[in-house]
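# Geometric and topological summary
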Amino acid sequence: MTAREYVYCDYAAGSPARPEVLEVFHQYATQQYSNPGAHHPLAYVAKKHLWELHERMGKVIGADPREIIFTSGGTESDILALRGVMERATAPRNELVISAIEHHAVLLEAQRMETAGTKVHYVPVKPDGVIDLAALRKAVSERTALVSVMYANNETGVIQPVKEIGEIAHAGGAKFHCDAVQAFWKLPLQPKEFGADLMSLAGAKFGGPKGTGLLYNEMTNRISPVIVGGPQEWGYRAGTEDMSGMAALAKAMELADAERAKIWPRVEKIRDAMEERILAGLGDHVRINGKGAPRLPNISNISFLEIEGQALAIELGEQGFCVGLGSACAPGETDPSHVLAAMGLSWEDAIGCIRISFGPDIAEAQANRLADLCVANYKHLKGIG
Ligand SMILES: Cc1ncc(COP(=O)(O)O)c(C=O)c1O
C-alpha cells in the first residue's frame, strides 16, 4: 500500500508538507542560495529576504521579526526556551515550574536540569487533563525563573488555560514558555495576547517540512543560545541560515492561519461523531480521555479497556488506517504514558489507549468506518464478539 491508500489519522505526529510549501522551499534552495552573511550583491538580496521571512512568520503570530528564532522544530525550540532562560537565571530566582504532562522535550530537559541541581516543580493535572491552577499558584514563587506549560497536549488534545497560566507566572515575576506545537493551525495563537514570553512551534505539524520550527522570544527577554558560533538568528542560534526552510515555514504558517476557520469545525464534527459511534458500540468498555475538557478539534485519545492499544493499532493498520499510540505505549516500552498516568489512569487503562488525530482530508465515511472497525476489532481482541 502507498501512503495514498491508507487513511492517515496521525496528524498529531506529522502532516504532509503542502505543495505550495515545497515549491517555495525549492525556489529558495535553487535561486536564493546566497549566504546572507556574505558581502556581495546576491548576499544583500538574501539579507533582505531573511528579514522579510522573519517579518512574515512574525506577522502570523503578532510578533516583531526580531522575536522569531528559526529552529529545527519543536524539540529544539523547547530546549532553547528552557536552557536559554534557566542558564541566565541566578539565585534566588532560579527555579523551574513545568506541568506533569509536558512533551518529553520539556520533561527530559527539566529532569536533566534537576539532576544538575536545579529545583524543578512538577504541577499536576486534574483527571480531565487540565492543569491544576491552585497547585500552579502554590508552585510559583519569588524563586521561579520560568514556568513552562504547553498550549494543548499532544496525546489528548486537552487545551490548557494559558492566559491564566501566564498571569500566574507573571504575578510571581517569572517568564512563561508555552509549547504550542499541537495548537497552532487549529487555534489562533498570539503569544502577546495570551501572555507567553516564549512560544514553540513546529512546521511538520501544520503542512511545513520536517526540520522547521521557531521559538518566539519576546524582544526584551535575553536568553542564552544553545547552538553557539556565528551571530545568526539575533545571536540565539548560530549556523548559516536555512532560508529554504524559513521560506517554507513562513508559507505553511500563512496557509494554516488563513484556512483555520474553514477546516477544523468540520473535522471536529467528524471526530465527535466517531467518538459517539464507538461509545454506542462499546459503552463502558471504552473511555475517551480528556473528553470533558476543552480539546483540539482533531485529537481523540481512547482507552479500550482490557486490551492493548498496540494490538488494536496493528489491526487497524492492516485494515488501512494509520492511528497513533500514546507516546509511551510505543513498541518496546512498558511504562504507560506519563500524560495518562498524570490524569490518574491505571497502567491497564493507559496501555489500552490509541490516539486518533485527523487532518483536513478526513471524510465522514472514513471516520465512520474507523469507528466500526474499532468496535469490531475490540470485540474480536477481547473475545466477546
Ligand atoms: C507538544 C509537542 N512538543 C514538542 C514536540 C517535538 O517537536 P519536533 O518533533 O518538531 O521536534 C512535539 C512533537 O510531537 C509535540 O507534540
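Rules behind the numbers
Residues numbered from 1 in each chain as written. Predicted model: local features only at pLDDT ≥ 70, side-chain atom pairs only at ≥ 80, totals over all residues. Heavy atoms only, no water. Helix = DSSP H or I, 4+ residues; strand = E, 2+ residues; numbered from the N terminus. Expected span 1.5 Å × (residues − 1). Buried < 20%, exposed > 50% of the residue type's maximum accessible area, 1.4 Å probe, protein only. Arc of directions from axis to C-beta. Contact = heavy atoms within 4.5 Å. Near = heavy atom within 4 Å. Polar contact = N/O pair within 3.5 Å; in protein donor to acceptor, adjacent residues only side chain to side chain. Areas by Shrake-Rupley, 256 points an atom, 1.4 Å probe, with all protein chains shown as cover. 1 Å grid on protein atoms, 1.4 Å probe; cavity = no way out; pocket = protein on both sides within 12 Å on 5 of 7 lines; lining within 4 Å. Sits in = over half its atoms within 2 Å of the grid points. Domains from an automatic or database assignment. Buried area = accessible area lost by both parts, 1.4 Å probe. Nonpolar A, V, L, I, M, F, W, Y, C, P; charged D, E, K, R; others polar. Pairing = 2+ DSSP bridges. Axes fitted to C-alpha atoms, helices over the stretch in contact; angles between N-to-C directions. Phe/Tyr/Trp six-rings, centres within 6.5 Å; stacked < 30°, edge-to-face > 60°.

The next thing to look at is helix α1 (residues 19-31). Look at α1: 18 Å from first C-alpha to last across 13 residues, which is about the 18 Å you get at 1.5 Å a residue. Considered for burial, the residues of α1 that qualify are V21, V24 and Y28. Buried residues in α1, looked at end-on, bunch into an arc of 70°, giving them a common side. Turned more than 90 degrees off the buried face of α1, the exposed positions are P19, E23, H26 and Q31. In this fold, the buried residues of α1 make contact with α2 (41-60) and α8 (243-282).

The environment of the ligand is made up of G73, G74, T75, D78, H103, M150, N154, D179, V181, Q182, A202 and K205. Within the side chain of T75, a nitrogen or oxygen atom sits 2.6 Å from an oxygen atom of the ligand. For the ligand, a nitrogen atom lies 2.6 Å from a polar atom in the side chain of D179. Look at the ligand: alone it shows 390 Å² of surface, and the protein chains cover 81% of it. Placement of the ligand is best described as lying within the largest pocket.

Structurally, the position occupied by E275 is in helix α8. At 2.6 Å, the side chain of E275 and the side chain of S300 are in polar contact. If we ignore the near neighbours within four places in the chain, the residues touching E275 are I288, K291, R295, I299 and S300.

What the domain assignment lists for the protein is domain 1 (3-13 + 260-382) and domain 2 (19-256). Measuring from the centre of the C-alpha atoms in domain 1 to the corresponding centre in domain 2 gives 28 Å. Taken together, the contacts link 26 residues of domain 1 with 28 residues of domain 2. When the two sides are added together, the surface that domain 1 and domain 2 hide from each other amounts to roughly 2300 Å², 58% of it contributed by carbon and sulfur. Summed over the three residues of domain 1 that lose the most area to domain 2, namely R260, L296 and H338, the buried surface amounts to 30% of that side. For the pair domain 1 and domain 2, the number of links is 13 residue pairs in polar contact (both at pLDDT 80 or more). Mapped by element, the contributors of at least two residues to the side of domain 1 that touches domain 2 are α8, β10 (299-304) and α10 (338-342). Residues of the side of domain 1 that touches domain 2, tallied by class, amount to 15 nonpolar, eight polar and three charged.

In this section: the pairing of strand β7 (residues 198-202). Counting buried positions along β7 yields five of five residues, so the element is predominantly enclosed. Side-chain alternation along β7 places L198, S200 and A202 on one buried face and M199 and L201 on a second face that is also buried. Summarising the sheet, strand β6 (residues 175-179) and β7 pair through three bridges and their orientation is parallel. Bridging from a neighbouring strand, D179 pairs with S200 of β7. Sheet topology note: the β7/strand β8 (residues 213-217) ladder contains five bridges and is antiparallel. Bridge assignment links M199 to a residue of β8, and that residue is Y216.

Next up on the list: the sheet that holds β8. Reading across the sheet, the seven strands line up as β2-β8-β7-β6-β5-β3-β4 and stay open at both edges, with mixed pairing between neighbours. At either margin of the open sheet sits one strand with a lone partner, and together these are β2 (68-71) and β4 (120-123). Between one strand axis and the next, the sheet turns by 20° as a mean value, whatever way the strands run. The pairing of strand β3 (residues 95-99) with β4 spans four bridges and is classified as parallel. The partner of S99 across the bridge, within β4, is V123.

Okay, the packing of aromatic side chains next. Per the stated rule, a full pass over the model turns up eight aromatic pairs. Residues F184 and F206 carry aromatic rings whose centres are separated by 4.6 Å and whose planes lie at 65° to one another, so their mutual orientation is edge-to-face. On the criterion of sequence distance, the pair formed by F184 in the loop between β6 and α7 (191-194) and F206 in the loop between β7 and β8 is long-range, its members being 22 residues apart. Here F184 falls in the buried class, since its relative accessible area comes to 0%. Residues W185 and W264 carry aromatic rings whose centres are separated by 5.0 Å and whose planes lie at 85° to one another, so their mutual orientation is edge-to-face. Here W264 lies in helix α8 and W185 lies in the loop between β6 and α7, a separation of 79 residues in the sequence. With relative accessibility at 3%, the residue W264 sits in the buried group.

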